[in-house]
Amino acid sequence: MEILRVENLKKYYGEGTNTVKALDGISFSVNKGEFISIIGPSGSGKSTLLHILGGVDKPTSGKVFMNGQDIYGGTDEQLAVFRRREVGLIYQFYNLIPVLNVMENMTLPVLMDGRDINQERLGELTDILGLKGRENHLPNQLSGGQQQRVSIGRALMNAPAVVLADEPTGNLDSRNSQEIVELLKLSNVKYQQTLIMITHDENIALQADRMIAIEDGKITRDEVMGR
Ligand code: ADP
Ligand code: ADP
């Protein structure tokens, strides 16, 4: 079943002769529960694509459909709701709030959305992510691997349909990287969550169901690999 579809996405930065074509006509469709890795050289447009899928950055032209709905076709408020509920973003450098503890960082998006915290889900996630007993720690009291697990918890608290990860293991050693990937795969399978992950690590890219390669803002390869 299709969950996400992008049609002829273009994203240009700058004006006139200084225009950078970050995305130059990207189209693909994603099925619910798929795990896709996105690879490609630095500057090829991968982060730009992920931000557009996440409702963070508007395309210059083209469309993004989530469950058949054109996410940029509505009001700014609808887009904000989409960002809070439908997608979970994970970054290379975690983007945790330094003055908030583990539990507060994890639950912030739910609170910002004006909803009650699902204590059962919080407990389950804290457990799965190996953060039990660290609920009151601040980010700077945690290792890199632990901080990334908190950011995964934050992304998953709202049970988003699609998880978007931009080099989630880019700052971690190989053991911690594989642990993070295992956690993402677990939630991909357990919650039927669609996972789209940018990575430079071939070993990680090959663990996906499907690999999309991007160069100069265009898809150069789109391969189903199976798991
Ligand atoms: P990747 O994630 O593959 O490294 P990006 O999506 O970050 O690539 O960048 C694609 C291109 O767009 C690059 O040439 C980059 O310099 C440019 N770019 C990205 N963001 C901006 C921006 N905010 N302003 C101007 N140019 C940008
Ligand atoms: P990991 O292999 O899980 O990334 P590390 O070897 O980096 O963990 O750290 C081991 C332990 O030291 C962790 O359990 C963490 O709580 C603690 N630790 C790591 N970095 C810091 C830090 N900057 N401040 C306080 N404690 C830290």
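The shown structure was predicted, so the numbers you read here are calculated from the model rather than taken from an experiment.

Peer 1: Can you walk me through the site of ligand 1 in this structure?
Peer 2: Taken together, Y13, V20, A22, P41, S42, G43, S44, G45, K46, S47 and T48 are the residues near ligand 1. Here an oxygen atom of ligand 1 sits 3.0 Å away from a polar atom, N or O, in the main chain of G45. Within the side chain of T48, an N or O atom sits 2.5 Å from an oxygen atom of ligand 1. The leading source of residues in the shell around ligand 1 is helix α1 (residues 46-53), at three residues. Taken together, the residues that form the shell around ligand 1 break down as four nonpolar, six polar and one charged.

Peer 1: What is the right way to read the site of ligand 2 from this model?
Peer 2: In the region of ligand 2, the neighbouring residues are R134, N140, Q141, L142, S143, G145, Q146, R175 and N176. With respect to ligand 2, the backbone of Q141 contributes an N or O atom lying 3.4 Å from a nitrogen atom. The contact in question runs from an oxygen atom of ligand 2 to an N or O atom on the side chain of S143, over 2.9 Å. Protein contact buries 46% of the 550 Å² of open area that ligand 2 shows by itself. Of all the elements in the fold, those that place two or more residues in the shell around ligand 2 are α5 (144-156) and α6 (174-190). Residues that form the shell around ligand 2 fall into these classes: one nonpolar, six polar and two charged.

Peer 1: Mind showing me how you'd approach α5 here?
Peer 2: It helps to recall that an α-helix has 3.6 residues per turn; residues three or four apart then point in one direction. Between its first and last C-alpha atoms α5 spans 18 Å; for 13 residues at 1.5 Å apiece the expected length is 18 Å, and the two agree. Buried residues dominate α5, accounting for 12 of its 13 residues. Along α5, the residues classified as buried are G145, Q146, Q147, Q148, R149, V150, S151, I152, G153, R154, A155 and L156. Turning to α5, the residues buried within the fold contact β6 (87-90), α3 (102-112), α4 (119-128), β7 (162-166) and α6.

Peer 1: Explanation requested: the UniProt feature "domain: ABC transporter" (unreviewed entry) in the protein in the structure shown.
Peer 2: As recorded in UniProt, the sites labelled "domain: ABC transporter" (unreviewed entry) are residues 4-224. Taken end to end, residues 4-224 has its terminal C-alpha atoms 16 Å apart, with 33% of it in helix and 28% in strand.

Peer 1: When you look at the pairing of β6 in this model, what are you seeing that I'm missing?
Peer 2: Sheet faces and side chains relate simply in a regular strand, where the side chains alternate between the two faces. What you see with β6 is no split at all: V87 and L89 on one side and G88 and I90 on the other are buried throughout. Here β6 runs beside β7; their pairing, made up of four bridges, is parallel. Opposite I90, over in β7, you have A165 as the bridge partner.

Peer 1: I would appreciate a short explanation of the sheet that holds strand β1 (residues 2-13) in the present structure.
Peer 2: Adjacent strands of a sheet pair through backbone hydrogen bonds, lying either parallel or antiparallel. Spatially, β2-β1-β4-β5 is the arrangement adopted by the four strands of the open sheet, whose pairing is antiparallel. The open sheet terminates on both sides in strands that have one partner only, identified here as β2 (20-31) and β5 (69-70). Sheet analysis places β1 next to strand β4 (residues 61-66), joined by five bridges and oriented antiparallel. The partner of V6 across the bridge, within β4, is V64.

Peer 1: Looking at this structure, how should I read the side chain of S187?
Peer 2: In this structure, S187 sits in helix α6. Looking at S187, its side chain comes within polar contact range of the side chain of Q193, at 3.3 Å. With near-sequence residues (within four places) excluded, S187 lies in contact with L156, Q192 and Q193.

Peer 1: How do you make sense of the sheet that holds β6 when you look at a structure like this?
Peer 2: Read across the open sheet, the six strands follow the order β6-β7-β8-β3-β9-β10; overall the sheet is mixed. Taken across any chain shown, the strands that pair with only one partner, and hence form the sheet edges, are β6 and β10 (218-224). Looking at each pair of strands side by side, their axes are set apart by 15° on average, direction ignored. Its contacts with the sheet place α5 against β6 and β7, and it is angled at close to 165° to β6.

Rules of the game
- Residues numbered from 1 in each chain as written.
- Chains lettered and ligands numbered in written order.
- Predicted model: local features only at pLDDT ≥ 70, side-chain atom pairs only at ≥ 80, totals over all residues.
- Heavy atoms only, no water.
- Near = heavy atom within 4 Å.
- Polar contact = N/O pair within 3.5 Å; in protein donor to acceptor, adjacent residues only side chain to side chain.
- Helix = DSSP H or I, 4+ residues; strand = E, 2+ residues; numbered from the N terminus.
- Nonpolar A, V, L, I, M, F, W, Y, C, P; charged D, E, K, R; others polar.
- Areas by Shrake-Rupley, 256 points an atom, 1.4 Å probe, with all protein chains shown as cover.
- Expected span 1.5 Å × (residues − 1).
- Buried < 20%, exposed > 50% of the residue type's maximum accessible area, 1.4 Å probe, protein only.
- Contact = heavy atoms within 4.5 Å.
- UniProt positions renumbered as here; feature names shortened; annotations may be inferred.
- Pairing = 2+ DSSP bridges.
- Axes fitted to C-alpha atoms, helices over the stretch in contact; angles between N-to-C directions.

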